[in-house]
Amino acid sequence: MDIRRREPDDLGACVRALAEVHRAAGYPVDWPGQPAGWLSPPALLDSWVAERDGRIAGHIGLCRSEPGDAAPGLWSLRTGMPVEGVAVISRLFVPPAERGHGTGALLMARAVGAARERALHPVLDVVASDTAAAALYERLGWSLLETVEQRWGPNRVVAVRCYAAPR
């Protein structure tokens, strides 16, 4: 298994892998109109892929905090540190056929390391119903900050669990 920086030529394979994850596990909850753009949000600092036998075996991104992100604000309130001192782990997925090999943990380690190299504390949020992802974060020692409700559009509220990496 190779964890490497995502290259522009990887986006097509990443979108196909994301589609597999969406069909099997419902992530992302709402399929994006522009999935390649969703994988490359404006706040993106960096992204990585796991590759095995020439296939994309997983993906993760690291972003700056944006308005509306719950986890950075909760971390800031708890620690007294400014929101600008966090990085948000995002867009983590591993296709169903690639699960069970520790890929998610390897991708998390790469993103956490990159955040720390930037002197940023990693945080994230996950839809509360995604118990498999929450179990991974807790196995890795992440702390649940709080479960909050986020507004996803005018008529929709979703519960998300906000986590912070170990210090």
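Please refer to the structure placed before this passage.
Note that the structure is a prediction, hence the values are computed from the model and not measured.

Colleague: Outline the overall build of the protein, supporting the account with residue identities and numerical values.
Modeller: Looking only at helices and strands, the protein features 5 helices and 7 strands. Here the C-alpha radius of gyration of the protein, 15 Å, is about what a compact globule of 167 residues would show, namely 15 Å. Counting over 167 residues, the protein shows a buried share of 47%. For the protein, contacts bridging at least 24 residues in sequence account for 64% of all contacts bridging at least 6. Taken as a whole, the protein presents about 8,500 Å² of accessible surface, with 51% of it coming from carbon and sulfur.

Colleague: Explain the packing of aromatic side chains to me, and be specific about the residues and the numbers.
Modeller: Here the structure, examined in full by the defined rule, presents 3 aromatic pairs. Judged by centre distance (6.3 Å) and plane angle (45°), the ring pair of Y137 and W142 falls under tilted. With respect to class, Y137 is no different from W142; both count as buried. Grouping aromatic residues by their ring pairs yields a cluster made of Y137, W142 and Y163. Geometry around W38 places R91 over its ring, the cationic atom sitting 4.0 Å from the centre.

Colleague: So what's going on with the sheet that holds strand β1 (residues 2-5)? Which residues, and what values?
Modeller: Spatially, the 7 strands line up as an open sheet ordered β1-β2-β3-β4-β5-β7-β6, and their pairing is mixed. Two strands in the sheet have a free side with no partner beyond their single neighbour: β1 and β6 (143-151). When strand polarity is set aside, the average angle formed by the axes of neighbouring strands in this sheet is 30°. Bridge analysis of strand β3 (residues 55-64) against strand β4 (residues 86-93) gives 5 bridges, and the strand direction is antiparallel. Across the sheet, residue H59 finds its bridge partner in β4, namely F93. Sitting on the sheet, helix α3 (residues 70-79) touches β4, β5 (121-127), β6 and β7 (157-164), and the angle it makes with β6 is about 130°. Here helix α5 (residues 131-139) sits on the sheet in contact with β4, β5 and β7, set at roughly 15° to β7.

Calculation criteria
Within any chain, residue numbers begin from 1 and follow the written order of that chain's sequence. pLDDT decides what is reported in this predicted model: residues at 70 or higher carry local features, side-chain atom pairs at 80 or more are listed and counted, and totals for whole chains, interfaces and linings draw on all residues regardless. Excluded from the side-chain calculations are hydrogens and water; all other atoms, namely the structure's heavy atoms, are used. Here a strand is any run of E in DSSP of at least two residues, a helix any run of H or I of at least four, and the numbering for each starts at the N terminus. In this treatment the radius of gyration is a C-alpha quantity, and the globule benchmark scales as 2.2 Å times the residue count to the 0.38 power. Accessibility here uses a 1.4 Å probe with only protein chains present; expressed as a share of the type maximum, an area under 20% marks a residue as buried, one over 50% as exposed, and anything in between as partly exposed. Only heavy atoms matter for contacts: two residues are in contact if any of them lie within 4.5 Å across the pair. Methods summary: accessible areas were calculated by the Shrake-Rupley approach with a probe of 1.4 Å, and residue burial reflects only the protein chains presented. Side-chain rings of Phe, Tyr and Trp (the six-membered ring for Trp) are treated as a pair once their centres are within 6.5 Å; stacked means planes under 30 degrees apart, edge-to-face means over 60, and tilted covers the remaining angles. Only lysine NZ and arginine CZ atoms are considered, and such an atom sits over a ring when it is within 6 Å of the ring centre and within 35 degrees of the ring normal. For two strands to be treated as a pair, DSSP must find no fewer than two bridges joining them. Angles here are taken between N-to-C directions and fall from 0 to 180 degrees, while the axes themselves are lines fitted to C-alpha atoms, restricted in helices to the stretch in contact.

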